[in-house]
Amino acid sequence: MSPTKFVSASDLEPRKGSPSPRLSEDEFKRRFLNQFQGPAYGQLQVELWKLASAAWDAYAHSRKSPKTRKAGPGFADPSYDLAVDWLAAREAVGNAQQRHDDPNGPVRLLLINGSSRSEHTCPGEVSKSYRLMETAKAVLELQPRANIEMLDLSRLASEYGRQIHPCKACFSTAAALCHWPCSCYPNYSLGQIHDWMNDIYPMWVEAHGVMIITPVHWYQTSSPLKLMMDRLVCADGGNPDPTSTHGKHAKEAKELEMKGWAYPRHLAGRLFSVIVHGDTEGAENVRRSLADWLKSMELVPAGPLAEIDRYIGYWEPYATSHVAYEKDQAIQEEVRNAARTLYEAVAAKRQGHQISAGADLPQSRQK
């Protein structure tokens, strides 16, 4: 966004006024200890109270990042203390970018299952999205020099300690306050740890093509997918140098933005495919919103055949939805076509040719 002229210092003062979320020591310790409910913890009460006291001390003193080191050369303020966690995330993203840029490397494709359902927890059954992802993977494995990575977001609901914490909307305070990769997490003082995004950012960065397969949840994307989407805001305009704002110094970030923000597009140019399936309603709107989101980050549509919104077992019982899927050979073939289209678009782009594919596919593959 363009800076506004004649902005006074008071205009850039961060606005305050919401009630404090700070807890009393008793309430903090009650919440901390509440996670240890099993009988195995019965003999550990003394140790748990010691842990609770240590956790309270970190909370009371807001020790977000207890392990830091000097930023060093290449940063706006080399003497600023940066979190070791963030520096490791930055290195992982940099290495992923090198893999992406290697002209002699494989065709890197990221397949994302957006469903939260799996047989490994309460639902007791695999999702149709996962099965569609497996269908796409089987096609891509046949393509020359294809390197396929699968991101199964259902693990947020089934795997111990696997989390994507919500976006804190730093970007809305000032673009420069949103760091790339995200520096909001981990926050040890608030217990906001085990954040998956530091593993997910490199997956997106190294990919030449991304395919998202998701169900419709109440006219919207699924919760896990939306969490990931929100946390990818830092990939579109995010500040790669937290020392330029001395961490989360809101007024400094506002001043930096008003000087003119470059708005770096960290994922620009990657190609995408979107597959949305539903059972009664909302599939078209979810597909469109996902495509619009990706295009707003300057990712590129792979082609018309790579974007699908369909209903599986329309208004049929949920109990037999997998039977409906297994009978629906048309949607399965459409997903195969989408995977081929994504691969062809990526391969063509890497060869310096077209940036979308599919319009000239054989007629048999367009059915």
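Let me begin by describing the structure that accompanies this report. By convention here, each chain's residues receive numbers from 1 onward along its written sequence. At least 70 in pLDDT is required for a residue's local features to be given in this predicted model, at least 80 for side-chain atom pairs to be given and counted, and no such filter applies to totals for whole chains, interfaces and linings, which use all residues. Only hydrogens and water are set aside when side-chain values are computed; all heavy atoms of the structure are taken into account.

What to know about the packing of aromatic side chains
Inclusion rule: Here the aromatic set is Phe, Tyr and Trp, taking the six-membered ring for Trp, and pairing holds for ring centres within 6.5 Å; pairs whose planes are under 30 degrees apart are stacked, those over 60 apart are edge-to-face, and all others are tilted. Labels follow the DSSP assignment, with helices taken as runs of H or I lasting at least four residues and strands as runs of E lasting at least two, numbered in each case from the N terminus. With a 1.4 Å probe rolled over the protein chains alone, any residue whose accessible area is under 20% of its type maximum counts as buried; one over 50% counts as exposed, and the rest are partly exposed. Charge-over-ring contacts are defined here by two conditions on Lys NZ or Arg CZ: a distance within 6 Å of the ring centre and an angle within 35 degrees of the ring normal.
As enumerated under the stated definition, the model contains 12 aromatic pairs in all. Note on Phe171 and Tyr263: the rings are 5.9 Å apart at their centroids and 65° apart in plane angle, and the pair reads as edge-to-face. Within this pair, whereas Phe171 is found in the loop between helix 5 (155-158) and helix 6 (197-206), its partner Tyr263 is found in the loop between helix 8 (250-258) and strand 6 (271-278), the two being separated by 92 residues in sequence. For Tyr263, a relative accessible area of 27% gives the class partly exposed. Counting every residue linked through ring pairs, the aromatic cluster contains Phe28, Phe32, Phe36, Tyr41, Trp56 and Tyr59. Of note, Arg22 hangs over the ring of Tyr59, and the distance from its end group to the ring centre comes to 3.9 Å.

A closer look at unusual backbone geometry
The peptide bond linking Trp180 to Pro181 adopts the cis configuration, its omega dihedral lying at -10°. Among the secondary structure elements, Pro181 is positioned in the loop between helix 5 and helix 6. Here Tyr185 and Pro186 are connected by a cis peptide whose omega angle stands at 0°. Looking at the element boundaries, Pro186 is found in the loop between helix 5 and helix 6. One non-glycine residue with positive phi stands out, namely Ser62, at about 50°. Within the fold, Ser62 resides in the loop between helix 2 (45-60) and strand 1 (68-70). By relative accessible area, Ser62 is classed as partly exposed at 47%. Residue Glu298 is not a glycine yet carries a positive backbone phi of 70°. Position of Glu298 among the secondary structure elements: in the loop between helix 9 (283-296) and strand 7 (300-301). Using a relative accessible area of 40% as the deciding quantity, one classes Glu298 as partly exposed.

Structural notes on the packing of helix 3 (residues 84-101) against helix 6
Keep this limit in mind: Comment: axis = line fitted to C-alpha atoms, over the contacting stretch for helices; angle = value between 0 and 180 degrees taken between N-to-C directions. These descriptions rest on fixed angle ranges, namely under 35 degrees for roughly parallel, over 145 for roughly antiparallel, 65 to 115 for roughly perpendicular, and the rest for oblique. Handedness of a crossing follows from how the near helix is turned relative to the far one, being left-handed for an anticlockwise turn of less than a right angle and right-handed for a clockwise one. In what follows, residue pairs with any heavy atoms lying within 4.5 Å of each other are defined as contacts.
Running from amino to carboxyl end, helix 3 crosses helix 6 at an angle of 20°, the nearest separation of the two axes being 8 Å. Comparing their axes, helix 6 and helix 3 come out roughly parallel. Considering only the axes of helix 3 and helix 6, their crossing is right-handed. Across the interface between the two elements, Asp85, Ala89, Ala92, Val93, Ala96, Gln97, Arg99 and His100 of helix 3 pack against Asn198, Tyr201, Pro202, Val205 and Glu206 of helix 6.

Concerning the nonpolar core
Just so we agree on the cut-off: The set of buried Ala, Val, Leu, Ile, Met, Phe, Trp, Tyr and Cys residues whose side-chain atoms join them within 4.5 Å is what this entry labels a nonpolar core.
Formed by 50 residues in total, the largest nonpolar core has its most connected members in Trp204 and Met228. Apart from the residues within four sequence positions on either side, Met228 is in contact with Ile112, Leu151, Leu153, Ile164, Met197, Ile200 and Trp204.

Digging into the pattern of salt bridges
Convention followed: Salt bridges are identified by distance alone: a Lys or Arg side-chain nitrogen within 4 Å of an Asp or Glu carboxyl oxygen.
One pass over the full model with this rule turns up 24 salt bridges. Between Lys295 and Asp292 there is a salt bridge, with the nearest N and O atoms lying 3.9 Å from each other. Here Lys295 pairs with Asp292, and both are found in helix 9, just three residues apart, close to one helical turn. Through salt bridges with shared partners, a single network forms among Arg155, Glu159, Arg162 and Asp199.

Focus on empty space enclosed by the protein
For clarity, the cut-off: With a 1 Å grid spanning the protein atoms alone, the term cavity applies to any set of points in which a 1.4 Å probe fits but cannot get out, the term pocket to an open set with protein on both sides within 12 Å along at least five of seven lines, and the term lining residue to any residue with an atom within 4 Å of a point. Grid points are joined across faces, edges and corners, and a volume is the space filled by probe spheres set on the points. Gly counts as polar in this scheme, as do all residues outside two lists: the nonpolar Ala, Val, Leu, Ile, Met, Phe, Trp, Tyr, Cys and Pro, and the charged Asp, Glu, Lys and Arg.
Applying the stated rule across the entire model yields three cavities of 30 Å³ or more. Computed from the structure, the largest cavity encloses a volume of approximately 110 Å³. Surrounding the largest cavity, 18 residues form its lining, Cys167, Cys178, Cys182, Cys184 and Val233 being those nearest its centre. Here the lining of the largest cavity is built from residues that sort into 13 nonpolar, two polar and three charged.

These values are about where atoms sit, not about what they do.
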